[in-house]
Amino acid sequence: MLGWEFPPLFNGGLGIACAGLCNALSEFVDLTLVVPKISKEQIKSKHKILGLNRLNEEFIENIVYEDVAKEVEKVYEIEIELDPYYVETHKSEKKTFMEKEVEKIKKQKVGQMREKFQFENLYGDDVIQKVIFYAELVKKISSSIDFDIIHAHDWMTFLAGLELKKMTGRPLVLHVHSLDYDRAGSESRGWIYDIEKTALNEADLIMPVSNYTGNILTSHYNIGKNKILTIHNGIDSEKVYKKKKSFPEKMVLFIGRLTGQKGPEYFLDIATKIYKKYKDVRFVIAGTGERLTHLLEDGAYRQIGNRVHFTGFINREKIKELLSMADVYCMPSVSEPFGLTALEAAQFEVPTVISERSGVAEVLKGSLKADFWDIDLMVEHITQLLSNEQKRREIIENNKRDLENLTWQNAAKEVAKAYDSLLN
Amino acid sequence: MTKILLMLKTHQPIRINEYSFFDLGKHKNYFNEGLNKFIIDRVTDNSYLPTNKLLKKLLDKSDGKFKISISLSGTTIDQLEKYRPDAIESFQQLIQTGNVEVLSETYYHSLSYFYSKAEFDEQVNLHRKKIKQLFNVLPVTFVNTELTYNDALAKDVHNLGFWGILTEGADWALRGISTDNLYLGKNSDINVFLRNHGLSNDIGYRFSDIRWRHFPLKHKTYYNWLLKSGGDILNLFLDFETFGEHHKKETGIFSFFEKLTNKILKSRKLEFKKFQDVIAKTSELDEIQVPQTISWADQEKDLTAWRGNAMQYEALLRLYEMEAAVKNAKDHEILSTWRNLQTSDHFYYMSTKGLTDGDVHNYFSPFFSPHDAYRYYMNILSDFEILLNTSHRVVSPKFG
């Protein structure tokens, strides 16, 4: 299993979904997950998990291919700053000019590589280098792992998946949590698209997290329906609680990265319309992203800055706290492959109003829905939920019912079944 | 003789906390006590005490020839009383000499004039009372927040009993008239003093700029510039914190000033004066016309340093919207909190201007970005609104 984000270090939907699936899937198959970065405590998980930032010596020794081992060793040792290899080379005196140059380049390269996973951000301007480095490293350590199926999550790991398939001939399963299309729209034709397209063509089986994403795969990426199998995300049961707000107004909540794809601008439109009519409501925009400053200024321009509150970046605990206080959750995404937060809102018994263009709309059948651009309908739904207790209860109950089947175990069963048919 | 009118302006805002959404309705402390105390301590030690020591020395030995004017905002006084009474004492000692004029201003260093005349009047009176109580003097000269000024304001200030008002020599609004003469406000008897920004900024802004071609500035050079101006008066208005804070002691600012002052005291062409000494009641002076508001901030020298973008505009609007509710609450603490939120600095931090003006905004701002400044400020206003509404519920359409 090839993953990219992994909680608790990275808490995007991708990381959470990947962790949820792996956890459940380890009941059915022997699973090794490789991710760029994990924290200490994660080494004890149900399945085997390798964080490239924490490859240990034992593991490296197990790698049979010697040159490869050396390469990896370099990376590992530099990271903990206890590198006997370099100490030696510094000490050894007689070196040719050429050798010195090579050392210099190697050192530089390793230094750069080290930096790749020493960061807060798994993406950034040099994400392509991180992706290539990840693929190289995965290829090198794969010889020490016994596996029958390659399962890669999103484009960041697709390259590694492709390389592994080429090297070993094992079937390649691609798990699609989001596509370049979601971020760039129908104009999407960049190098990320190219990686996606190549991998999708080569894959033996593709698992989008929703039919919505499945349809994009067939329409925008021109992939045959026969190798697409939708696996809806599940959700782990959560200890939910209710917290009394310390202010009297109702609270409408938006959670997500502040990028065009998530539709925060539409949320601002919705807030503006509602606030025109009703004064005792507050809107909370939780999360951060490149649209934050623009949204703050836009809110001020509309003069609703006293009713729209921006939390900035917040951690999981704070997100739960928001969910425990909210009266309505609104997800006006422009393109949302799934939308795990909507499920979390449902768990916290917050009635939901969600974009039709989302995967979660397929599973939260009883939630209120609208097209992201249909501000009036969104406003109507939200005001109804705020003012009509019966409607509110109805949506909460609908969501509860829908949640019952949405377990990772169900998802994992489907995945395991698909593995079987690939191998037989 | 050219009269030098040197005015030093102290101001320290009561800076706000990074108030989180999660504290909305919890009425936590809006003001960052730790940071404010830290800055008051630093400025007192770097600037107020050493500068006052030097000024006292010059006042004492000049036999009444050295004269200056000082303005102290109410928020500065409040914080000095709380954290550094020794600084208050040092100001009292200066003012007792009789050669230091104390100016009047809005207590909270606010932009209240542009939002509420009633609130403006109250703040001016509050400040007047405080100055009387602390220093036993009654100011006759007024300086509005950050030298903001327009025709109507001058007239209103005159009606409050002041005879002089200070403002910026804002080139764009003054149509080429010299700052080095005394003027009358439009349709008013109030005397208007225009800041000579070139000579003021040579000390206030450029003194420690190593890229400046006159760096390091010698007192003799500057003295010659003063001589060359040749007007009736020379209005040098500076931040008090210029001495020791903006320009640290190591830049030589104190010895520069001491030497310069001694040179002026010996001069037969220059003399120090207070505003009240030169205020003329005759109408022989030219009238100036400033229909639009000017100030001493940024390139624009208007209100855009505090009200140039939507965030600033909204924050100010929301703040002053609360006036009636605040005053109806008849609660001293609520009133003083609201007033401390009026201090212009809060809005100054929200400015999104760039280049060197942006640098100045950033130099003063305790926040990471103007957007953060706005975000925290609005959270505080929201919390404050909730506080107000618990006793004075605003009637509006409500959800069931």
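If you're wondering where the values come from, they're calculated on a predicted model, not measured in any experiment.

**Focus: the sheet that holds strand β3 (residues 150-153) of chain A**
Residues and elements named next belong to chain A.
Link 1 in the chain: Strand order in the open sheet formed by 3 strands is β3-β4-β5, and the pairing between neighbours is parallel. In this open sheet, the two edge strands, each paired with only one partner strand, are β3 and β5 (205-208). Taking each pair of neighbouring strands and ignoring which way they run, the sheet shows an average axis angle of 20°.
Link 2 in the chain: On the sheet, helix α7 (residues 155-168) packs against β3 and β4 (172-176) and is oriented at approximately 165° with respect to β3.

**Some details on the domain arrangement of chain A**
Residues and elements named next belong to chain A.
Link 1 in the chain: Here the domain parsing of chain A yields domain 1 (13-227) and domain 2 (250-404).
Link 2 in the chain: If you look at the interface, domain 1 gives 14 residues, while domain 2 gives 9 residues.
Link 3 in the chain: Those elements that place two or more of their residues in the side of domain 1 that touches domain 2 are α1 (13-25), α8 (180-184) and α10 (211-219).
Link 4 in the chain: Tallied by class, residues from the side of domain 1 that touches domain 2 come to 6 nonpolar, 6 polar and 2 charged.

**Overview of the interface of chain A and chain B**
Link 1 in the chain: Each partner contributes to the interface: chain A provides 24 residues, whereas chain B provides 25 residues.
Link 2 in the chain: Grouping the constituent residues of the side of chain A that touches chain B by class yields 8 nonpolar, 8 polar and 8 charged.

**Details of helix α16 (residues 375-387) of chain A**
Residues and elements named next belong to chain A.
Link 1 in the chain: With 13 residues, α16 ought to run about 18 Å at 1.5 Å a step, and its terminal C-alpha atoms sit 18 Å apart, in line with that.
Link 2 in the chain: All buried positions along α16 are accounted for by M378, V379, H381, I382, L385 and L386. On an axial view of α16, the arc spanned by its buried residues comes to 165°, and they lie on one face.

**Some remarks on the domain arrangement of chain B**
All names here are of chain B.
Link 1 in the chain: Considered domain by domain, chain B is made up of domain 1 (2-287) and domain 2 (306-391).
Link 2 in the chain: One C-alpha centre belongs to domain 1, the other to domain 2; they are set 24 Å apart.
Link 3 in the chain: Taken together, the 27 residues of domain 1 in the interface contact 21 residues of domain 2.
Link 4 in the chain: Split into classes, the residues belonging to the side of domain 1 that touches domain 2 amount to 12 nonpolar, 10 polar and 5 charged.

**Focus on the nonpolar core**
Residues and elements named next belong to chain A.
Link 1 in the chain: One finds L21, L174, I206, L253, V328, C330 and I382 to be the most contacted residues of the largest nonpolar core, which totals 214 residues.
Link 2 in the chain: Top contributing element to this core by residue count: α1, with 9 residues.
Link 3 in the chain: Apart from the residues within four sequence positions on either side, L253 is in contact with V284, A286, L322, A326, V328, Y329 and C330.

**Concerning the sheet that holds strand β10 (residues 352-355) of chain A**
Residues and elements named next belong to chain A.
Link 1 in the chain: What the 6 strands build is an open sheet, ordered β8-β7-β6-β9-β10-β11; its pairing is parallel. In the strand order of this sheet, the two ends are held by β8 (308-312) and β11 (368-370), each with one partner. When the angles between neighbouring strand axes are averaged without regard to direction, this sheet yields 20°.
Link 2 in the chain: Bridge analysis of strand β7 (residues 281-286) against β8 gives 4 bridges, and the strand direction is parallel. Following the sheet pairing, V284 is matched in β8 by H309.
Link 3 in the chain: Along the sheet, helix α11 (residues 264-277) makes contact with β6 (250-255), β7, β8 and β9 (328-331), crossing β7 at roughly 170°.

**Brief notes about the packing of helix α8 (residues 219-229) of chain B against helix α9 (residues 253-266) of chain B**
Each pair of packed helices can be described by the angle between their axes along with the distance between the axes.
Residues and elements named next belong to chain B.
Link 1 in the chain: It is the contact of α8 with α9, at a shortest axis distance of 9 Å, that shows an interaxial angle of 45°. Classified by the angle their axes make, α8 and α9 are oblique. Here α8 runs over α9; the crossing is right-handed. Every residue of α9 that contacts α8 at H219, Y222 and Y223 is listed here: F256, K259, L260, K263 and I264.
Link 2 in the chain: A breakdown of the residues in the contact of α8 with α9 according to their chemical character gives 5 nonpolar, 1 polar and 2 charged.

**Section: the environment of Q12 of chain B**
Link 1 in the chain: Relative to the elements of secondary structure, Q12 of chain B occurs in the loop between β1 (2-10) and α1 (33-61).
Link 2 in the chain: What Q12 of chain B contacts, discounting residues up to four positions off in sequence, is I39, I40, V43, T75, T76 and Q79 of chain B.

**Considerations on the confidence of the model for chain B**
Link 1 in the chain: Per-residue confidence for chain B averages 94 on the pLDDT scale, and 98% of its residues sit at or above 70.
Link 2 in the chain: Across the assembled chains, the prediction reports ipTM 0.88 with pTM 0.86.

Conventions we followed
Residues numbered from 1 in each chain as written. Chains lettered and ligands numbered in written order. Predicted model: local features only at pLDDT ≥ 70, side-chain atom pairs only at ≥ 80, totals over all residues. Pairing = 2+ DSSP bridges. Helix = DSSP H or I, 4+ residues; strand = E, 2+ residues; numbered from the N terminus. Axes fitted to C-alpha atoms, helices over the stretch in contact; angles between N-to-C directions. Contact = placed C-beta atoms within 7 Å. Domains from an automatic or database assignment. Nonpolar A, V, L, I, M, F, W, Y, C, P; charged D, E, K, R; others polar. Expected span 1.5 Å × (residues − 1). Buried ≥ 20, exposed ≤ 12 C-beta atoms within 10 Å, placed from the backbone. Arc of directions from axis to C-beta. Core = buried A, V, L, I, M, F, W, Y, C linked by C-beta atoms within 7 Å. Parallel < 35°, antiparallel > 145°, perpendicular 65-115°, else oblique. Left-handed = near helix turned anticlockwise from the far one by under 90°. pLDDT = per-residue confidence, 0-100.

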